Amino acid sequence: TGWMGEKTGKILTEFLQFYEDQYGVALFNSMRHEIEGTGLPQAQLLWRKVPLDERIIFSGNLFQYQEDSKKWRNRFSLVPHNYGLVLYDNKVAYERQVPPRAVINSAGYKILTSVDQYLELIGNSLPGTTAKSGSAPILKCPTQFPLILWHPYARHYYFCMMTEAEQDKWQAVLQDCIRHCNNGIPEDSKVEGPAFTDAIRMYRQSKELYGTWEMLCGNEVQILSNLVMEELGPDLKAELGPRLKGKPQERQRQWIQISDAVYRMVYEQAKARFEEVLSKVQQMRPAMQAVIRTDMDQIITSKEHLASKIRAFILPKAEVCVRNHVQPYIPSILEALMVPTSQGFTEVRDVFFKEVTDMNLNVINEGGIDKLGEYMEKLSRLAYHPLKMQSCYEKMESLRLDGLQQRFDVSSTSVFKQRAQIHMREQMDNAVYTFETLLHQELGKGPTKEELCKSIQRVLERVLKKYDYDSSSVRKRFFREALLQVSIPFLLKKLAPTCKSELPRFQELIFEDFAKFILVENTYEEVVLQTVMKDILQAVKEAAVQRKHNLYRDSMVMHNSDPNLHLLAEGAPIDWGEEYSNSGGGGSPSPSTPEAATLSEKRRRAKQVVSVVQDEEAGLPFEASPESPSPASPDSVTEIQGLLAQGLRAESPPPASPLPNGAPAGETPQPEAAPEASSPPASPLQHLLPGKAVDLGPPKPSDQETGEQVSSPSSHPALHTTTEDSAGVQTEF
């Protein structure tokens, strides 16, 4: 391991120099941004400042394959609000607060639903280990419904379900975990986040690696570990591959274990080094801020002078490159992005409309105002319900950039899919929260049941108008960013042979005192970005003028749009269960003893998110009842198949005690659980080319007529679970 530790140290040292360099630039950009503002449209919907945290999103049973014993074991599993999948031996262990078997941070993982798909990936990961046909594979699944969590470097996790319906549900839940954990850098990190993502990009470009990078997933340390493993991997295979002994399956197993062990070692080294450098730059920050505050105007002037000299040098080459290699393809890339994205946002609107309309019908036909608290508690978590949101998210799966991916070095469309899905979740939560806020105001007038139903309908119509406007703004911004994300790396790569070697001569134009805040390389990238920006803005503007996919023109502004609405959101968060539900907790029975009522009822209220809306078709397989010990886990494929034949079923009662701090303490086989971050759902250009002070926004908007365009969405199946959490997100690219 000596050479591995040495090489890891060398890569980290090189990267962390990039990070230190980018930190000053990001700090300057952030402070400049605070003064100059965004120029983006004013959002009409509110955003939830206090996230729905400390809730359980989903719980249930699944089988997990234990590599040490080569047995399948029944596990009680749940997903808390931080989206770390937690596995217990059984439900009793969870209720007794026994430390969990595992807490899985799924950043960087992919979900596979077929053993063959998994075996193919394993065979490709280490040349020469593909098993011969007819020989026993590395993994056998006792049912036809596996879910495998695969990672290019870390250990793999093997699960299986009893039915296709269960597989679909867990796949939606685990995909939500991955989507959340991949966005491990908080969006409200306006300096450290952009500095880090810029440093990653600059480092990879220094190795002539342009374009999107699929492993920009997780928090900083996870991403840094992936960066090291990307370079270390080929050497590791060359060094250790020939030494592996045994049959192909055995060598595959050994390789997975070795890769995971090296990944853990790299992770620990990266964590220590990154924390050390982060502490160093944060200590330097006050002194840098003082210089920026004093000399902001001179720094801007100096930077503009540098940019003008670089522009004069590269503009002729860049314009030819844009005209010949980028401009002709912008309309087709935009169309490919617009269709699935707009379908997804329409589905968000339809799901929201359906949920509120169903609630209104329930108020009329059943519970009236007495049940409103219970209904609203469920509605408040809609954006974090993996299963109800699935119909929105899956619209992005049809995204294809056929023929364009190779041309523009786009390794995968997953970057764009995930970003759009995150926007969908944010806009759904904004719509729900705005609806909650406006309805709560109406309830202050003490309406009758009939008046309440009319109020719900009126508030729904107001919120839909706001949603249509915000949806258009968010999508236009997403399209502009995605087009930049496709074209900028391509242009940089094309221009590198003739321009990159000339850049050092511009260094002398930067005044020494400002060298921490102005870098030639960053200024060069901004100049390149400006050469293509006009064409991108024009393409998106034309799509809006043609009313394509319900995009509004930039000149459309919403005025008289609830000027005092944002003041309503300044109050304390609404506790629907406390204020409007007779039971005070969403309809669940109170604990039987007075002592329990004080602590456990309080904890349940704080942390339980409808963790079991019972599945009306069937309970979860092999669920132990809380009072009896869990049945012994079947140890073989034959035993499990026997149990399958018996059709063993049991209802799944709600977890009795919540997780401490949302995720139990215990050994984590993966690096630390996903960080939580609450932040306004902003999407600055930093997701694409972080740290760039570029105004992408159209003029500030305000009101327009919106065609209601209410379609009747298909009904959603009954579920067992729920959702929560309003965590900030940072994109992967």
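Residues numbered from 1 in each chain as written. Predicted model: local features only at pLDDT ≥ 70, side-chain atom pairs only at ≥ 80, totals over all residues. Heavy atoms only, no water.

- Going by what an unreviewed UniProt entry lists, the chain is known as Protein Niban 2 and is assigned to Theropithecus gelada.
- The UniProt entry for the chain carries the following text under Sequence similarities (unreviewed entry): "Belongs to the Niban family." (UniProt positions renumbered as here; feature names shortened; annotations may be inferred.)

1. Focus: the packing of helix H1 (residues 2–36) against helix H6 (residues 220–240)
Here comes step 1: Running from N to C, H1 and H6 cross one another at 145°; their axes reach a closest spacing of 10 Å. Crossing of H1 over H6 shows right-handed handedness. Where H1 approaches H6, its residues Trp 3, Met 4, Lys 7, Thr 8, Ile 11, Leu 12 and Phe 15 are matched on the opposing element by Leu 224, Leu 227, Val 228, Glu 231, Leu 232, Asp 235, Leu 236 and Glu 239.
Here comes step 2: Here the contact of H1 with H6 is composed, by residue class, of ten nonpolar, one polar and four charged. (Axes fitted to C-alpha atoms, helices over the stretch in contact; angles between N-to-C directions. Helix = DSSP H or I, 4+ residues; strand = E, 2+ residues; numbered from the N terminus. Left-handed = near helix turned anticlockwise from the far one by under 90°. Contact = heavy atoms within 4.5 Å. Nonpolar A, V, L, I, M, F, W, Y, C, P; charged D, E, K, R; others polar.)

2. Quick word on unusual backbone geometry
Here comes step 1: Of note, the phi angle at Tyr 83 is positive, near 65°, even though the residue is not glycine.
Here comes step 2: Here Glu 208, not a glycine, exhibits a phi torsion of approximately 65°, which is positive.
Here comes step 3: Mapped onto the elements of the fold, Glu 208 is located in the loop between helix H5 (192–206) and H6.
Here comes step 4: Residue classification places Glu 208 among the exposed residues on the basis of a relative accessible area of 65%. (Buried < 20%, exposed > 50% of the residue type's maximum accessible area, 1.4 Å probe, protein only.)

3. Regarding the sheet that holds strand S3 (residues 85–88)
Strands pair in a sheet through their backbones, by hydrogen bonds, and they do so in one of two ways: parallel or antiparallel.
Here comes step 1: Spatial ordering of the open sheet is given by S4-S3-S2-S1-S7-S6-S5, a layout of seven strands whose pairing is antiparallel. The sheet is open, and its two edges are formed by strand S4 (102–104) and strand S5 (110–112), each paired on a single side. Taken over all neighbouring pairs, the strand axes of this sheet differ in orientation by 35° on average, direction set aside.
Here comes step 2: By the bridge criterion, two bridges tie strand S1 (residues 56–66) to strand S7 (residues 157–160) in an arrangement that is antiparallel. By the bridge assignment, Gln 64 is partnered in S7 with Phe 159. (Pairing = 2+ DSSP bridges.)

4. Thoughts on the packing of helix H7 (residues 248–326) against helix H14 (residues 520–545)
Here comes step 1: Contact geometry for H7 and H14: axes closest at 8 Å, N-to-C directions at 45°. With respect to H14, the element H7 is oriented oblique. Crossing angle aside, the handedness with which H7 passes H14 is right-handed. Where H7 approaches H14, its residues Lys 303, Leu 306, Ala 307, Ile 310, Arg 311, Ile 314, Leu 315, Ala 318, Val 322 and Val 326 are matched on the opposing element by Val 520, Thr 523, Tyr 524, Glu 526, Val 527, Val 528, Gln 530, Thr 531, Val 532 and Asp 535.
Here comes step 2: Considering only residue class, the contact of H7 with H14 consists of 13 nonpolar, three polar and four charged. (Parallel < 35°, antiparallel > 145°, perpendicular 65-115°, else oblique.)

5. Remarks on the confidence of the model for the chain
Here comes step 1: Residues at a pLDDT of 70 or more form 74% of the chain, whose mean pLDDT is 79.
Here comes step 2: Taken as a whole, residues 583–733 scores under 50 in pLDDT and shows 427 contacts with residues more than four places along the chain or in a different chain. (pLDDT = per-residue confidence, 0-100.)

6. Brief notes about the pattern of salt bridges
Here comes step 1: Scanning the entire structure with this criterion turns up 31 salt bridges.
Here comes step 2: We note a salt bridge from Glu 14 to Lys 207, for which the minimum N-O separation is 3.0 Å. One end of the pair, Glu 14, is in helix H1; the other, Lys 207, is in the loop between H5 and H6, and 193 residues separate them in sequence.
Here comes step 3: With a relative accessible area of 28%, Glu 14 lands in the partly exposed category.
Here comes step 4: A salt bridge links Lys 371 to Glu 374; the shortest N-O distance between them is 3.1 Å. (Salt bridge = Lys/Arg side-chain N within 4 Å of Asp/Glu carboxyl O.)

7. Remarks on the packing of aromatic side chains
Here comes step 1: Taken as a whole and assessed by the stated rule, the structure comprises 21 aromatic pairs.
Here comes step 2: Ring centres 5.8 Å apart and planes at 80° place the aromatic pair Tyr 65 and Tyr 158 in the edge-to-face group. Of this pair, Tyr 65 sits in strand S1 while Tyr 158 sits in strand S7, and the two are 93 residues apart along the sequence.
Here comes step 3: Its relative accessible area of 4% is what places Tyr 158 among the buried residues.
Here comes step 4: Look at Tyr 109 and Tyr 157: their rings are 6.0 Å apart centre to centre, the planes differ by 50°, and that puts the pair in the tilted class. With Tyr 109 in the loop between S4 and S5 and Tyr 157 in strand S7, this residue pair connects regions lying 48 residues apart in the sequence.
Here comes step 5: We classify Tyr 109 as buried; its relative accessible area is 3%.
Here comes step 6: Through a chain of ring-to-ring contacts, the aromatic side chains of Phe 15, Phe 18, Tyr 19, Tyr 23, Phe 196, Tyr 203 and Phe 274 assemble into a single cluster.
Here comes step 7: Over the aromatic face of Trp 47 sits the side chain of Lys 49, whose NZ or CZ is 5.1 Å from the ring centroid.
Here comes step 8: Sitting over the ring of Tyr 393, Arg 179 keeps its end group 3.9 Å from the ring centre. (Phe/Tyr/Trp six-rings, centres within 6.5 Å; stacked < 30°, edge-to-face > 60°. Lys NZ or Arg CZ within 6 Å of the ring centre and 35° of its normal.)

8. Considerations on the state of the cysteines
Here comes step 1: Using the criterion set out here, one finds zero disulfides in the structure.
Here comes step 2: This cysteine, Cys 141, is not joined by any disulfide, and Cys 160 carries the nearest cysteine sulfur, 4.2 Å off.
Here comes step 3: Using a relative accessible area of 18% as the deciding quantity, one classes Cys 141 as buried. (Disulfide = S-S within 2.5 Å.)

9. A short note on the environment of Lys 70
Here comes step 1: In this structure, Lys 70 sits in the loop between S1 and strand S2 (71–80).
Here comes step 2: Sequence spacing of Lys 70 and Lys 140 is 70 residues, and the spatial spacing of their C-alpha atoms is 9.9 Å.
Here comes step 3: Contacts of Lys 70, omitting those with residues within four sequence positions, involve Tyr 65 and Arg 253.

10. Looking at the pairing of S2
Across a regular strand the side chains alternate sides, sitting on one face of the sheet and then on the other.
Here comes step 1: With respect to burial, S2 is a largely interior element, eight of its ten residues being buried.
Here comes step 2: Sheet analysis places S1 next to S2, joined by ten bridges and oriented antiparallel. Across the sheet, the residue bridging to Gln 66 is Lys 71, located in S2.
Here comes step 3: By the bridge criterion, three bridges tie S2 to S3 in an arrangement that is antiparallel. From the neighbouring strand, Phe 76 faces S3, where its bridge partner is Tyr 88.

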